[in-house]
Amino acid sequence: MAVSMRDLDPAFQGAGQKAGIEIWRIEKLSPVPVPKSSHGKFYTGDSYIILKTSASKSGALRHDIHYWLGEDTSQDEAGAAAIKTVELDAALGGRAVQYREVQGHETDKFLSYFKPCIIPLKGGIASGFKHVEEEEYKTCLYVCQGKHVVHVKEVPFARSSLNHDDIFILDTKSKIFQFNGSNSSIQERAKALEVVQYIKDTYHDGKCEVAAIEDGKLMADAETGEFWVFFGGFAPLPRKTARDEAKSIDIVATRLYRVHKGQAEPVEIESLTRELLDTNSFYIVDCGIEVFVWMGRNTSLDERKTASGAADELLLGLDRPKCHVVRVIEGFETVMFRSKFDSWPQSTNVAVTEDGRGKVAALLKRQGLNVRGLMKAAPPKEEPQPYIDCTGDLQVWHVNGQQKTLLQASDQSKFYSGDCYIFQYSYPGEHKEEHLIGTWFGRRSFEEDRVSAISQAGKMIELLKFSATQARIYEGYEPLQFFVIFQSFLVFKGGLSEGYKKHLVEKELADDTYKDDGIALFRVQGTGPDNMQSIQVEPVASSLNSSYCYILHSGSSVFTWTGNLTTSEDQELVERQLDLIKPDMQSKLQKEGAESEQFWEMLGGKSEYPSEKIGRDAESDPHLFSCTFSKDLQVTEIYNFNQDDLMTEDIFILDCHSDIYIWVGQQVEYKNKMQALAIAEKFLEYDFLMEKLSHQAPIYIVMEGSEPPFFTRHFSWDSTKSAMHGNSFQRKLTLVKNGGPPPMDKPKRRTPVSYGGRSAAPEKSQRSRSVSFSPDRVRVRGRSPAFNALAATFENPNARNLSTPPPMVRKLYPKSVAPDSAKLAPRSEAIAALTASFDKALPVKEVIIPRSVKGSPEAPKLSTEAPKSSPQGNSKENSVNNVTEEAPKPKPETIQEDVKEGETEDEEGLPIYPYDRLKTTAEDPVTEIDVTKRETYLSSEEFREKFGMSKEAFYKLPKWKRNKLKMALQLF
C-alpha cells in the first residue's frame, strides 16, 4: 500500500511509539489530541479515535484502534472518525485492528481501557459544551450491566426506570445507593460496586456514605426506607419492564460479501474458507452480532476508506446500525476472525515483515520526524526467575499402580522415563506455610499410572482442605519452578513400575532400564548449581548436540563430551553431575572435533547431530479467561485484567502459553473444584487463541487464598484481598465502605524468601577441591575416609550442599523428608576419624569469609550429644546446621598460618593472590585454597577493580547474583 505525506494527518505524527493510550476528538472533521487528564471523559455529541499501544514480552509493539461514536454525534463527524482511523492505521504500518464503538454497545476490550467504567457526559464540541454548573448537586440514576466489564448508562430518575434484572446506582449529594435487582448475579453486583467507588472518588472526593439496597426487601432497615423515599415511597416493581435496548439479533448463518465499487455484493458459498479471500479485494463477513471487514494487502488507502463506509451502509440496510464492526488487514487477522472460517491455514505467506511500517518510517524520517517507535522494539533481556522460595521441605513418591512409595532422600531426584511420580513441596509463604503437590509423568509412562497419580495427588490436596497448589507436569515440559525445587535432577531410561514391566512382556520388548554398569549417555543441561539436569538419551552419535555437554559411560570407562557451543558454566555442570552419576570413577574429557576412537566406538560410530539448543515454549503475554464447564467448556476473555477480576464464585484460566493456571475461587462448588484439571485439559485441547498449545504444557490448579508467587507475579497482587471472607459482593462492599481491606495478622516468617534457589541465611564454609577441564588429564575424584565420615555426620543427610562443586546427593535446599533422614552416625566417630587423618584439627564452625585451610592451633570443643529426632525423622531439629544456628555464635577466629614467600595477607589474615592465578583457567593456578571462594583471596583494590564494589557490598548481594558475577570473571 503506497503512502504519501498527504495521506498522514499531522495530528498522528509520532503516534504509537510507546505503550499506552492516545485519544483524539474529531473537531471540524479533523483529529485533535485529548490531554491525558481528560482520558475516559467522552461526550455524547462527539466522535473520538482511541489508539491502544501494547508492548509484548518480545518487545514488539501492537496496536488496536477504536473509533467511538456518541449517540448524538453528527453523521459527518462519525464518517470523519472512520476515515481518520484508516489513515492512522496507515501511519502505523497497516497492521492495526480497527474497531467501531457505538455508545452503549462498546466492546469489552474498549471498556477495559477505562476501568471500572465510562459515563458519557451530555454535550459536545459542536454545541460548544454549553454546560450549566449546578448550584445544587444533581441526583442521578445509572443502570449497570455486565459481569466482567460494566456498561453504565444514565437513565431518567424515576421508579419506572428500575427493574429486577439489572443493578442501579442512585447518586445523591450525601449518599450513594446501589439497588440490586433480584435477578442480578453476585458477580454483577460486585462489579457495579467498582462503579460506586468510581463515582465516590470522582464526584464526592471520596467522602460520602454508601448503602446497598436489596430488591424485594421492604422497609426493614433505615437505608432501604431512605432509598425509597427518593422515589415517593416503596411500591413493587413489575416482573418485566420495557428496556431501552437494541433489537436482539437472531443467530444467523455467516454470510460473505465482496466490496466492489463501494457496494457490498453477496458471495454464494458452501463453506467459508481462506481461499475465498483475494489479496486485491475487500470482503465483509457478517456474523450477526459482529461484522468483519477484511482488507487485502494490495489495496490502496483510498480503497480502504471506501470499503469502511460500505460496511456501515450494509448494516443500516439490515437495520443493525449498532453492531460491532471490526476491520482487519490481511496477514494480521484476529483469532476471532479466523475462528469464523471452516478452514484457515496455520500460516499465510504474506511478504510483509517490516515493509509497510518501514516505508512509513523512512518517509517520516526524511521529514525530520522521530520514527523510533514505528520500528520493532528490541526485545528486553530478562533472566527467568523461579518465583518460589527454595528453602522448603520436599517429599517424593513413586507410583506403582494404585500404590505409592515414599522415596529415600538419595533417590528422590532420580526419575525413570517409564514411571510416574508425586511430589509435595512445603515452603514458607508470605503469611503461612504453602504447599505445592504435583505429578510428573515420564514420556513412556502408562495411562493407568497417570490416572492413579492424579487420583492420589487429589486425595492429598483434599486432606489439606484444598489449600495446596496442584501441578501436572510431563517429562520434557518441566517449568523452572520444578527444576529449582529438585536442583539436581536425573531422568533415567526405562521404569521400575509393574505396569511398565508388564508392558515390556506383552510387547516382547527388551528392558532398557538404566543399569549402572551398562552403556548410557546423558545430556547435561541447566543454568547453575541450583538448576541442573542429566537426561539419559539413546547412546548413539545422533543424540549429541553442539549446545550441550554429555556424560558417556560403559563399564569402567567414563567420558565427558563438550560441544563447541557450550560455555564454561555448562562444563562446570558436567563436573557436578558426574558426582551424582559416577562419583568414584575416572573420566576423560572429549572436546567436539577432537574425540578419541574409543568414544565413537561406544556410540556405534560417527553420525550427524544438531546444534540448536532444546528449549520449552517461551512464555507469552498472559490472557485471562472466565469459564463455565458443564457439557462443554465455554470461555470469555477478560482484557487488561487485574486481581479484582477474579471472583470467588468462579473459575478462571490464566494462559501464559508455556504454562496454564486454573484459579479456583473459595466459593466454587465442590463438584466444580474437582473438574479443574479437566477444564485445563479441555482448554489445551481447544486452543482458543490458536497459539499451538501443547497438550503436555504444565498445568497449575491454584486455590484462592493460597496463590503461589509464580502466579501472583502476573498481577499487582494484594494478599489481603484474597484472604477476605464472604462472596464477591460482600467483599467489595467492605472495601468500598472501609476504604480498603481489613488488616491481616501476619505471623512471623520462618525464613527469608530466596527466589534464586538458595537460602538467604548465612552460608557455611565448605571444604572443596579444584576442578580442572584439561583434556590431557584424567579426572580423579574422591575424598579421604575422614572427610567422608565427617560429612556423613555433620552435613544433614537431607541438606543440599550448594557451595562445593560437585554437590552431594544429600541436599541442603530444599530439605528432604524421607525414611533415611534420621540415620546419623555418632559424632564422636567422625571426630576420631578426622583427627586421625589430619595433623591438626579443622575447626568446625561457621565462618563468613573462608580462610585458607591449613589447620588451627586449637580446635573448638564439639558436643557429641546426638540431636533429638522428630516422629517423622526429619524435622528442622535434625539438621546440624540448625543446631549450630541456635547455639551462641562465637566470634569468628582467624586461622593462624605461616605466610609463604611472595605472599601477602589482607586485613582478615587471608593470603592475597593475583587475579590471573585465581581464575579457573589460570595457567599457574593457586593451590590449597577454597575454590568456591576464589574472590576472597583478591586484594581489596583488585577486588573493587574487578567487581566494581567492595567485598562488604558484594556479600550483601543474593548468592545467585554473586555466582553470576563470579562466573563472568571466571572465578566460579
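Residues numbered from 1 in each chain as written. Predicted model: local features only at pLDDT ≥ 70, side-chain atom pairs only at ≥ 80, totals over all residues. Heavy atoms only, no water.

A. Structural context of the pairing of strand β15 (residues 324-329). Where burial is concerned, most of β15 is hidden: six out of the six residues are buried. By the alternation rule, side chains of β15 split into His324, Val326 and Val328 and Val325, Arg327 and Ile329, which are all buried. The sheet contact formed by strand β14 (residues 290-295) and β15 spans six bridges and is parallel. Residue Phe292 lies in a different strand from β15, and its bridge partner there is Val326. In this fold, β14 hands off to helix α5 (residues 301-317), which returns the chain to β15; that crossover is right-handed. (Buried < 20%, exposed > 50% of the residue type's maximum accessible area, 1.4 Å probe, protein only. Helix = DSSP H or I, 4+ residues; strand = E, 2+ residues; numbered from the N terminus. Pairing = 2+ DSSP bridges. Right-handed = clockwise from strand over helix to strand, strands pointing away.)

B. Quick look at the confidence of the model for the protein. Looking at the protein as a whole, its pLDDT mean stands at 80, while 76% of the residues score no less than 70. Predicted confidence is poor over residues 129-133, with pLDDT under 50, and the contacts of this stretch with residues over four places away or in other chains come to seven contacts. (pLDDT = per-residue confidence, 0-100. Contact = heavy atoms within 4.5 Å.)

C. Molecular detail of the packing of aromatic side chains. Inspection of every chain in the model, using the stated rule, returns 66 aromatic pairs. Considering the side-chain rings of Phe337 and Phe341, the 5.1 Å spacing of their centres and the 55° angle between planes classify their relative orientation as tilted. When its relative accessible area of 0% is taken as the criterion, Phe337 is described as buried. Taking relative accessible area as the criterion, Phe341 reaches 8% and is therefore assigned buried. A connected cluster of aromatic rings, assembled from ring pairs, spans Phe157, Phe168, Phe177, Phe179, Phe227, Trp228, Phe230, Phe231 and Phe234. The positively charged end of Lys613 is found above the aromatic ring belonging to Tyr548, 5.7 Å away from the centroid. (Phe/Tyr/Trp six-rings, centres within 6.5 Å; stacked < 30°, edge-to-face > 60°. Lys NZ or Arg CZ within 6 Å of the ring centre and 35° of its normal.)

D. The packing of helix α3 (residues 186-203) against helix α17 (residues 728-738), seen in detail. Put simply, α3 and α17 touch, their axes get as near as 8 Å, and they point 15° apart. One finds that α3 runs roughly parallel with respect to α17. Helix-helix and strand crossings are classified by hand; for α3 and α17 the assignment is left-handed. Here Ile186, Arg189, Ala190, Leu193, Glu194, Val196, Gln197 and Lys200 of α3 come into contact with α17, specifically with Ser728, Phe729, Lys732, Leu733, Leu735 and Val736. (Axes fitted to C-alpha atoms, helices over the stretch in contact; angles between N-to-C directions. Parallel < 35°, antiparallel > 145°, perpendicular 65-115°, else oblique. Left-handed = near helix turned anticlockwise from the far one by under 90°.)

E. Geometry of the pattern of salt bridges. Here the structure, examined in full by the defined rule, presents 33 salt bridges. The shortest N-O distance in the salt bridge between Lys732 and Glu194 comes to 2.8 Å. Note that Lys732 is positioned in helix α17 and Glu194 in helix α3, a separation of 538 residues in sequence. Exposure remark for Lys732: the relative accessible area of 11% places this residue in the buried category. In this structure, a network of salt bridges that share partners links the residues Lys115, Lys191, Glu194, Asp645 and Lys732. (Salt bridge = Lys/Arg side-chain N within 4 Å of Asp/Glu carboxyl O.)

F. Layout of the nonpolar core. Ile388, Phe482 and Phe486 are the most contacted members of the largest nonpolar core, which totals 54 residues. Phe466, Ala468, Val664 and Val668 belong to the second largest nonpolar core, which has 34 residues in total. (Core = buried A, V, L, I, M, F, W, Y, C linked by side-chain atoms within 4.5 Å.)

G. Structural view of the environment of Gln525. Looking at the secondary structure, you find Gln525 in strand β23 (residues 520-528). Gln525 sits in the buried class, given a relative accessible area of 17%. Each C-alpha atom of the pair Gln525 and Leu573 lies 7.5 Å from the other, and the pair is 48 residues apart in sequence. Sequence-distant contacts of Gln525, that is, excluding residues within four places in its chain, are made with Asn531, Met532, Gln533, Ile535, Tyr548 and Leu573.

H. Quick peek at the sheet that holds strand β4 (residues 61-69). Pairing is mixed across the open sheet formed by ten strands, whose spatial order is β2-β1-β3-β4-β5-β15-β14-β13-β11-β12. A single partner strand is all that each edge strand has here, and the edge strands are β2 (30-33) and β12 (263-267). The sheet shows a mean angle of 25° between the axes of neighbouring strands, taken without regard to direction. Sitting on the sheet, α5 is in contact with β4, β5 (97-102), β11 (255-260), β12, β13 (282-286), β14 and β15, with an inclination near 25° to β13.

I. Spatial organisation of the state of the cysteines. A complete count under the given rule lists zero disulfides for this structure. Between Cys117, a free cysteine, and Cys144, which holds the nearest cysteine sulfur, the sulfur-to-sulfur gap is 7.2 Å. The class of Cys117 is buried, set by a relative accessible area of 4%. (Disulfide = S-S within 2.5 Å.)

J. Spotlight on the sheet that holds strand β22 (residues 488-492). If you walk across this open sheet you meet the seven strands as β18-β22-β24-β23-β25-β26-β27, and the pairing is mixed. The two strands at the open ends of the sheet, each matched to only one other strand, are β18 (414-416) and β27 (588-591). Adjacent strand axes in the sheet meet at a mean angle of 20°, parallel and antiparallel pairs treated alike. One ladder, built from four bridges, connects strand β26 (residues 557-562) with β27; its direction is parallel. Of the residues in β27, the one forming a bridge with Phe559 is Lys588.

K. Representation of the packing of helix α1 (residues 75-91) against α5 in the model. Two elements in contact, α1 and α5, have axes whose closest approach is 9 Å; the angle formed by their N-to-C orientations is 140°. Viewed along their axes, α1 and α5 adopt a mutual orientation that is oblique. Note that α1 runs across α5; the crossing there is right-handed. Only Leu301, Arg304, Lys305 and Ser308 of α5 make contact with α1, whose side of the interface consists of Ile83, Val86, Glu87, Asp89 and Ala90. Here the contact of α1 with α5 is built from residues that sort into four nonpolar, one polar and four charged. (Nonpolar A, V, L, I, M, F, W, Y, C, P; charged D, E, K, R; others polar.)

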